[in-house]
Amino acid sequence: MLDQNSSSRNEFWTLLAKNLSKEANSEELQKLQAILLSNPDLHPQADMLKEMWQQRLIRNNIGSEAGYMRHIMKHKDEFFVEENHIEPDSGDAVAEANGGFFRTLFSKKRLTVLTILVFLILSTGAIYLFTQKSDAKLPAEERISSIVTKNGNRTKVVLPDGSQVWLNAGSKLDYDHSTFNKELREVSLNGEAYFDVIKNHEKPFIIHTKKMDIKVLGTVFNVRTYSDEKISEAALINGSIEVTLKDRKDQKIILKSNEKISIANEEPTPAIKEHKGMPAKTDPLPIPQIVVEELKPNPSSNIIGEIAWTQNKLYFEDESLEDIGLRMERWFGKKVTIANESLKNIHYTGNFENETLEEVLSYLQLSKTFNFRLGNDNVVIY
Amino acid sequence: MNESEDLSILGGRIANDDQLAYRQLFVLFYNKLSRFVMGFTKSKELTEEIVSDVFINIWRRRKNMEEIKNLKLYLYVSAKNITFNYLKKLHRENHTDLDSVEIEPEDPFADPGAALITREMNLKLKSAINDLPPRCKLIFTLIKEDGLTYKQTATLLDISVSTVENQLSIALKKISSAIRYTFRHN
């Protein structure tokens, strides 16, 4: 018993403390092992303390984002007078999608950007811009600059006015470089992007998407537009933006801090898919409908789902496996097929940062069982 | 990549006016610094003010980021100095004493439902941590929750590394004895 050996007992706690806080050298680790070997009754306590120590790895940063917003607002003069600090660079080249860069940029831990974020989940913005801008003289292919990222990759580009754009996977950003920054700064987006727009009240910055246009004068926001998603969204963390809907041009919607607008992408479809034996899940957004709601972080994880990607997180909250499949496809750059219809409507919540596709699927398997087969560039869930 | 490499990359980006990086740094340390400062000020409002000061100083001096060798330690030392200055102004010098610091501990298990531990044990752990002497609790929290090294903790608190070592081993011993009873009845 350890109680009979008080010097080794005292040493035990010192060594265990060093072990847990990664201060122990190999000699000390060996000593600790030896004490544990001769005192098996200490194992449960040592294990418990180890387990407890591990917990700090999963701590979240509740309230930090809000704290940041208050901080920025308190010192806003120092954060918004930034017209000239970013060197404009040629945004003409199709940026080489570069996952490595983005991974460094948004390293493992939680992070995000500036004050104002706008998120859009929209569809088919790119094609729209091409048809809209055909009145200029040069042929479209010479006037339009495109920045494209493939699935599994993300990149950053600086626009000619100095505004910065981070592009998420499977996205495309277009702008007409013959008119950009003349009177307006117009871009169109299909996919998801995060914008840090240089302030310029003379030349409003407009993002065209399939379902809406978003006008800002100078701010930071994130845009997401994917053609295969059901809903378009714009979410604003702070500040205000003006949203014009494509099919209701007379109607402008002003979004204020912590508001989010959602618009259905598709035409009304009366039939709701029903799977055998499974109650049909009502479409979360009956079409066509516009919802403006408060943007708030998940109460338990404190993650704002809309901006999780800028923190290098693959995050989903009560989403169907079908939707998650799409997101994993883009995130990991591997084709995801769900071979079993009845699985598509199962809902999951998850938050992943550095996990591989296989690890993510293994976690999802824990809560509801399915099988998957992982190939080199695809995965089949069945 | 380890934390200090991560932080030095962040620091380099902040030096280049990268607000993304700045925000990341803020979010990483906001709660930790707030807990540390709160231990001395016992005031939410004052803590918010101090932590905001710590970070705005970083932003203002971002062009000289390379002078900061250890960004993490710098944040804590800066938080401590600003706190002590505030408290001096408010004539509350005695509150800068390490033995009067009141650190609010984290729950030992963030998600007790998921861990292999009973609710009863979680409560016992929590109250054992809470009952640690103030200085001991502060050192335990700085090392366990904030991930400071012994040396950083010693520098921050102006104490010796061996004091840190002793205090932490006392903390573990006390916490452990509080839960020993539970094991015996398992």
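Residues numbered from 1 in each chain as written. Chains lettered and ligands numbered in written order. Predicted model: local features only at pLDDT ≥ 70, side-chain atom pairs only at ≥ 80, totals over all residues.

It is worth spelling out helix α2 (residues 19-41) of chain B at this point. Residue and element names in this part refer to chain B. The terminal C-alpha atoms of α2 lie 29 Å apart, and with 23 residues this falls more than 12% below the ideal 33 Å at 1.5 Å per residue. The sharpest bend along α2 measures roughly 45° and falls at F29. Burial analysis of α2 places 23 of its 23 residues in the buried class, which makes it a mostly covered element. Where α2 terminates, the next one or two residues include K42, which has phi positive at roughly 55°. (Helix = DSSP H or I, 4+ residues; strand = E, 2+ residues; numbered from the N terminus. Expected span 1.5 Å × (residues − 1). Bend = angle between axes of the 7 residues up to and from the residue. Buried ≥ 20, exposed ≤ 12 C-beta atoms within 10 Å, placed from the backbone.)

Turning our eyes to something else, we now look at the sheet that holds strand β20 (residues 378-381) of chain A. All names here are of chain A. The strand order across the open sheet formed by three strands is β17-β20-β19, and the pairing between neighbours is mixed. Both edges of this open sheet fall to β17 (335-338) and β19 (372-374), since each of them pairs with a single strand only. Across this sheet, the average inter-strand angle for adjacent strands is 15°, counted without regard to direction. (Pairing = 2+ DSSP bridges. Axes fitted to C-alpha atoms, helices over the stretch in contact; angles between N-to-C directions.)

This next bit is on the nonpolar core. Core analysis: the largest hydrophobic core is formed by 61 residues, its most contacted members being B:L33 and B:A79. Broken down by element, the residue count for this core peaks at 14 residues, all from α2(B). Leaving out residues up to four positions away in the same chain, B:L33 has contacts with B:V51, B:V54, B:L75 and B:A79. Core analysis: the next-biggest nonpolar cluster, separate from the first, contains 31 residues, A:W166, A:A193, A:I198 and A:I261 among them. (Core = buried A, V, L, I, M, F, W, Y, C linked by C-beta atoms within 7 Å. Contact = placed C-beta atoms within 7 Å.)

Residue and element names in this part refer to chain B. Those residues of helix α7 (residues 150-157) not exposed but buried are Y150, Q152, T153, L156 and L157. Angular distribution of buried residues about the axis of α7 spans 165°; they occupy a single face of the element. Where α7 ends, the next residue or the one after it, D158, has phi of about 55°, a positive value. (Arc of directions from axis to C-beta.)

Moving on, we come to the confidence of the model for chain A. Residue and element names in this part refer to chain A. Summary statistics for chain A give a mean pLDDT of 72 and a share of 70% for residues scoring 70 or more. In this model, residues 81-136 is a region of pLDDT below 50 whose contacts with residues beyond four sequence positions or in other chains number 175 contacts. The model gives residues 268-287 a pLDDT under 50, and that stretch makes 22 contacts with residues more than four places away or in other chains. (pLDDT = per-residue confidence, 0-100.)

Structurally, the position occupied by A:N371 is in the loop between α10 (357-367) and β19. Along the chain, A:N371 and A:Y382 lie eleven residues apart, while their C-alpha atoms are 5.2 Å from each other.

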